[in-house]
Amino acid sequence: MPNRLASSQSLYLQKHANNPIDWWPWCEEALAQAKQENKPIFLSIGYSSCHWCTVMEGEAFSDPAIADYLNANFLPIKVDREERPDIDSIYMQALQMMITQGGWPLNIWLDPYDLVPFYGGTYFPVEPRYGRPGFLQLLQALRDHYDQQPEQVAQIKGQILAALQPTVDLATGANLFDRTLVEQGWQENAAVLAEGRSSNRFPMIPYADFVLRGYRVTSPEPWSDQIPEALRPSLQRGVALALGGINDHVGGGFHRYTVDPTWTVPHFEKMLYDNGQIVEFLANLWSAGAQDPSLRSGIFGAIDWLRREMTNPDGGFYAAQDADSFTDPAAAEPEEGAFYVWGWDELESLLEPEALSALVEQFTVSVPGNFEGVNVLQRRSGGTLPDRVTEVLDRLFTVRYGQPRAQLAQFPPARNATEAKTVAWPGRIPAVTDTKAITAWNGLMIAGLARVAAVFQDLPAYQLAAGAARFLQTHHGSGDRFYRLNYDGQPAIGAQAEDYAEVIRSLLELHQAATALIATGQIAPSEADQWLALATQLQAEFDQHLWDVDHGGYFNADDRPDLIIRERSIIDNATPAANGTALGNLVRLALLTENLTYLDLAEQGFRSFHRFLNEHPRACPSLLAALDQFQRPVLVRAKAETLALLAQQYLPTTVLRLDQQLPQGAIALVCKGLTCLPAATDQAQLWSLLKQCQG
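This is a predicted model, so every value here is computed, not measured.

Draft legend 1. Geometry of the overall build of the chain. A count of helical and extended segments in the chain gives 25 helices and 20 strands. Expected size for 695 residues packed as a compact globule is a radius of gyration near 26 Å; at 26 Å, the chain falls within 12% of this value. C-alpha atoms of the chain, sized along the principal axes, occupy 80 × 70 × 45 Å. Split into buried and exposed, the 695 residues of the chain put 60% on the buried side.

In structure tokens, the structure reads:
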């Protein structure tokens, strides 16, 4: 019999609806029930495309003996981290304090009376293995510990709660214009990119993007024809992404991460938030002078995938695709990467010897394979692929999708495992797609598309981004509040800080892209103005609901009794921290609107977080990027033709504004913060002024 999760809109929660565990969603009734029965809360957090979440669902959470004990001795609650990032963030911090690492599934045990955790972990097998205890034995030990050793439980809780409490130091005497902090941060974060944190390789775009900013200042000749040394750490990351197995070279789009240090074998899930950040980062690399064709191929391959598989009929973007897929409708369980990999025998049967040889010359394809006997395609080198190899990739595309690339404009999603196994797919059975729309992730993708549109003067990328922004405007607002999620056209759950911050940034990027495309004659100046107006409108709502009046910065979410602390996120993870994005937005809004109230808010936020920036520069590259924007703000006012050229360059702290009424003989007006420089009368003078502003 299905449990309480059966009526949930969340695909992740629905996947647990037939477990024998008596799951509750996170709600007041569940929390009250735990108190009434004096049961510790077992809180399990994950997301639909998480591989090890899926494994644990099929193992421990489907085991009758485990379910019987868990139901009798704990109050089990399931949370979709994509629905409630505020809950996930708090308990992920607690988990990292307990075991010095994090990840999903996040399994943590809470005291029912104050919701403070006393034990946690990630994946637990049914029987002891991988150095992890068997789940039933762990549950028995934890219940005994909770009942028999309350003093020790209280001590653990007290330590965790004390460590979670935010420290506030407004740093009233700090010099926010001392650039030493940002410049040291470039070196620190370049080292993070170089060293990695394990054998796995993650995109880590907040780090790579911040390090990229440094080259324009630390290199003696920015914007030259030679690749400066300071650009190399970010360039190496971009090339690894474009050439590696993390890039789906057949269908486009980037996987979540790789499980090896050579970027070969991915963890095959595809997340919207990764792809939005990666296409923007690669476009920025291109604009900085790193114009290897493989970067462009990675960008537009991801956009083709997005348009074909991840765009809903109203223009918004789906959230994610699973790592696992079925090889056969009769298969009991899906297999990791099945939709994406190629066996040598299969390739021999599909390709003539000359075509297979051409593929082997360009990609790491072999008889034994590089992943469990099959092959993940990874390019051997950059540059432009020969036409013969492009034709081979097109043939593999037809095998995978059942239709030629040129004829497949839209590929319908498999919304759940049942659809995946029962629809008569013309090619391989696809991975399940989580079709909910997440506001922040849509914002990241819109911003990426807008930057691509500006750098490459690409109108289709702009139109795809604009369609998604209009979707958010139409479908994620209700009354006077913005919403985080959309399920089949219906908004759900109030927007959190990352939602406001990323959508405001995406609207500002759309404003810049529209401004850059005005010269083509296909975008009206009024359209750019509309994006800026929407950004200021949403910023007002953000300030009203989530600004910390006492200390500065933005709270993650509304003040709620079921949250043990009220966080203000500044630590970057797979996505930028909300306050890093938000404070950068404030500086750009001040430049574009000439409303210095935005600058006042930004300054208060930087003072609130200044101590943390000094002590932990590796933890918050996006906040350092925002401080770079605050220290080196530049506004360029010019006519459309000049703005189109500037938008194609790498000027990360510069914003562009259309001005048809320039002084006679001027081609642009450059303002360095609140100081206007002499009017530029030619391109050489304009570039000289812009270089001066970077110093």
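Structure shown, so let's carry the discussion forward.
Draft legend 2. How the structure looks around the sheet that holds strand 8 (residues 270-271). Reading across the sheet, the 3 strands line up as 8-9-12 and stay open at both edges, with antiparallel pairing between neighbours. Two strands in the sheet have a free side with no partner beyond their single neighbour: strand 8 and strand 12 (433-434). Inspection of the sheet shows strand 8 paired to strand 9 (residues 320-321) by 2 bridges, in the antiparallel sense. Residue pairing for strand 9: Lys 270 is matched across the bridge by Gln 321.

Draft legend 3. Here's a closer look at the UniProt feature "domain: Spermatogenesis-associated protein 20-like TRX" (unreviewed entry) in the chain. Those residues carrying the UniProt feature "domain: Spermatogenesis-associated protein 20-like TRX" (unreviewed entry) are residues 2-164 in this numbering. Between the end C-alpha atoms of residues 2-164 there is a gap of 36 Å, over a span that is 47% helix and 15% strand.

Draft legend 4. Inspection of helix 23 (residues 621-631) at higher detail. With 11 of 11 residues buried, helix 23 is to be regarded as a mostly interior element. Those residues of helix 23 not exposed but buried are Pro 621, Ser 622, Leu 623, Leu 624, Ala 625, Ala 626, Leu 627, Asp 628, Gln 629, Phe 630 and Gln 631.

Draft legend 5. Representation of the packing of aromatic side chains. Using the criterion set out here, one finds 33 aromatic pairs in the structure. Between Tyr 500 and Phe 542, the aromatic rings sit 5.0 Å apart at their centres with planes inclined by 10°, giving stacked as the arrangement. Separated by 42 residues along the polypeptide, Tyr 500 in helix 19 (residues 497-517) and Phe 542 in helix 20 (residues 525-546) bring together distant segments of the chain. On the basis of relative accessible area, Phe 542 is assigned to the buried category, the value being 0%. Ring pairing ties together the aromatic residues Phe 268, Phe 339, Tyr 340, Phe 371, Phe 397, Tyr 401, Phe 411 and Trp 425, which thus form one cluster. Its guanidinium or amino end placed over the ring of Trp 24, Arg 4 lies 3.7 Å from that ring's centre, counting from NZ or CZ.

Draft legend 6. Local environment of the state of the cysteines. Taken as a whole and judged by the stated rule, the model has 1 disulfide. A sulfur-sulfur separation of 2.3 Å characterises the disulfide bridge that pairs Cys 50 with Cys 53. In this structure, the disulfide formed by Cys 50 and Cys 53 twists by about 80° around the S-S bond and is classed as right-handed. Using a relative accessible area of 3% as the deciding quantity, one classes Cys 50 as buried.

Draft legend 7. Local environment of the side chain of Lys 270. Looking at the secondary structure, you find Lys 270 in strand 8. Side-chain polar atoms of Lys 270 contact the side chain of Asp 248, separated by 2.9 Å. In contact with Lys 270, other than residues within four places in its own chain, are Asp 248, Gly 252, Gly 253, Phe 254, His 255, Trp 305, Ala 319, Ala 320, Gln 321 and Tyr 340.

Draft legend 8. Summary view of the nonpolar core. Formed by 173 residues in total, the largest nonpolar core has its most connected members in Trp 109, Phe 135 and Tyr 462. Residues within four places of Phe 135 in sequence aside, it is in contact with Phe 42, Met 56, Ala 60, Phe 61, Ile 66, Trp 109, Phe 124, Pro 125 and Val 126. Judged by nonpolar contacts, the second largest core, of 37 residues, contains Leu 393, Leu 396, Leu 408 and Ala 420.

Draft legend 9. Up close: helix 8 (residues 180-195). With 16 residues, helix 8 should cover 22 Å at 1.5 Å per step; its first-to-last C-alpha distance of 23 Å lies within 8% of that length. Among all positions of helix 8, only Leu 181, Val 182, Gly 185, Trp 186, Asn 189, Ala 190, Val 192 and Leu 193 are buried. Looking down the long axis of helix 8, one finds its buried residues gathered within 170° of arc, a one-sided arrangement. What points out from helix 8, more than 90 degrees from its buried face, is the exposed set Gln 187 and Ala 194.

Draft legend 10. Main features of the pattern of salt bridges. Per the counting criterion, the structure on display carries 41 salt bridges. With its nearest N and O atoms 2.7 Å apart, the salt bridge here joins Glu 309 to Arg 308. The buried category is assigned to Glu 309, whose relative accessible area is 4%. Judged by its relative accessible area of 4%, Arg 308 falls in the buried class. The salt bridge partner of Arg 395 is Glu 352, with a shortest N-O separation of 2.9 Å. Taken together, the residues Arg 395 in helix 15 (residues 387-401) and Glu 352 in the loop between helix 13 (344-350) and helix 14 (353-362) connect sequence positions 43 residues apart. The exposure class of Arg 395 is partly exposed, given its relative accessible area of 30%. Note on Glu 352: relative accessible area 35%, which makes it partly exposed.

Draft legend 11. Highlighting the environment of Ala 65. By the element assignment, Ala 65 lies in helix 4 (residues 64-73). Take Ala 65: its relative accessible area is 42%, and that puts it in the partly exposed class. Ala 65 sits 186 residues away from Gly 251 along the chain, and the two C-alpha atoms are 43 Å apart.

About the criteria used
- Every chain is numbered independently, its residues counted from 1 as its sequence is written.
- Only residues with pLDDT of 70 or above have their local features reported here, since the model is predicted, and side-chain atom pairs are shown and tallied only from 80 upward, although totals for entire chains, interfaces and linings are computed over all residues.
- To get the side-chain values, take all heavy atoms of the structure and skip hydrogens and water.
- The helix and strand labels rest on DSSP assignments: H or I over at least four residues marks a helix, E over at least two residues marks a strand, and numbering proceeds from the N terminus.
- Radius of gyration: over C-alpha atoms. The globule rule applied is 2.2 Å multiplied by the number of residues raised to the 0.38 power.
- Working definition: with a 1.4 Å probe on protein chains only, accessible area under 20% of the residue-type maximum means buried, over 50% means exposed, and in between means partly exposed.
- One bridge is not enough; two strands pair if DSSP finds at least two bridges between them.
- UniProt positions are given in the numbering used here, feature names are shortened, and annotations may be inferred rather than shown by experiment.
- The pairing test for Phe, Tyr and Trp rings, Trp by its six-membered ring, is centres within 6.5 Å, and the orientation test on the planes gives stacked under 30 degrees, edge-to-face over 60, and tilted for anything in between.
- Criterion for a charge above a ring: Lys NZ or Arg CZ within 6 Å of the ring centre, and within 35 degrees of the ring normal.
- Sulfur atoms of two cysteines make up a disulfide when they are within 2.5 Å.
- For this analysis, a polar contact is any N or O atom pair within 3.5 Å, provided that within protein one partner can donate a hydrogen and the other can accept it, and provided that sequence-adjacent residues contribute only side-chain to side-chain pairs.
- Note on contacts: a residue pair qualifies if any of its non-hydrogen atoms lie within 4.5 Å across the two residues.
- Remark: nonpolar core denotes a set of buried residues (Ala, Val, Leu, Ile, Met, Phe, Trp, Tyr, Cys) joined through side-chain atoms within 4.5 Å.
- A helix's residues, less one, multiplied by 1.5 Å, set its expected span.
- Here the arc refers to the directions that run from the helix axis out to each C-beta atom.
- Within this document, salt bridges are pairs made up of a side-chain nitrogen of Lys or Arg and a carboxyl oxygen of Asp or Glu, the two lying within 4 Å of each other.

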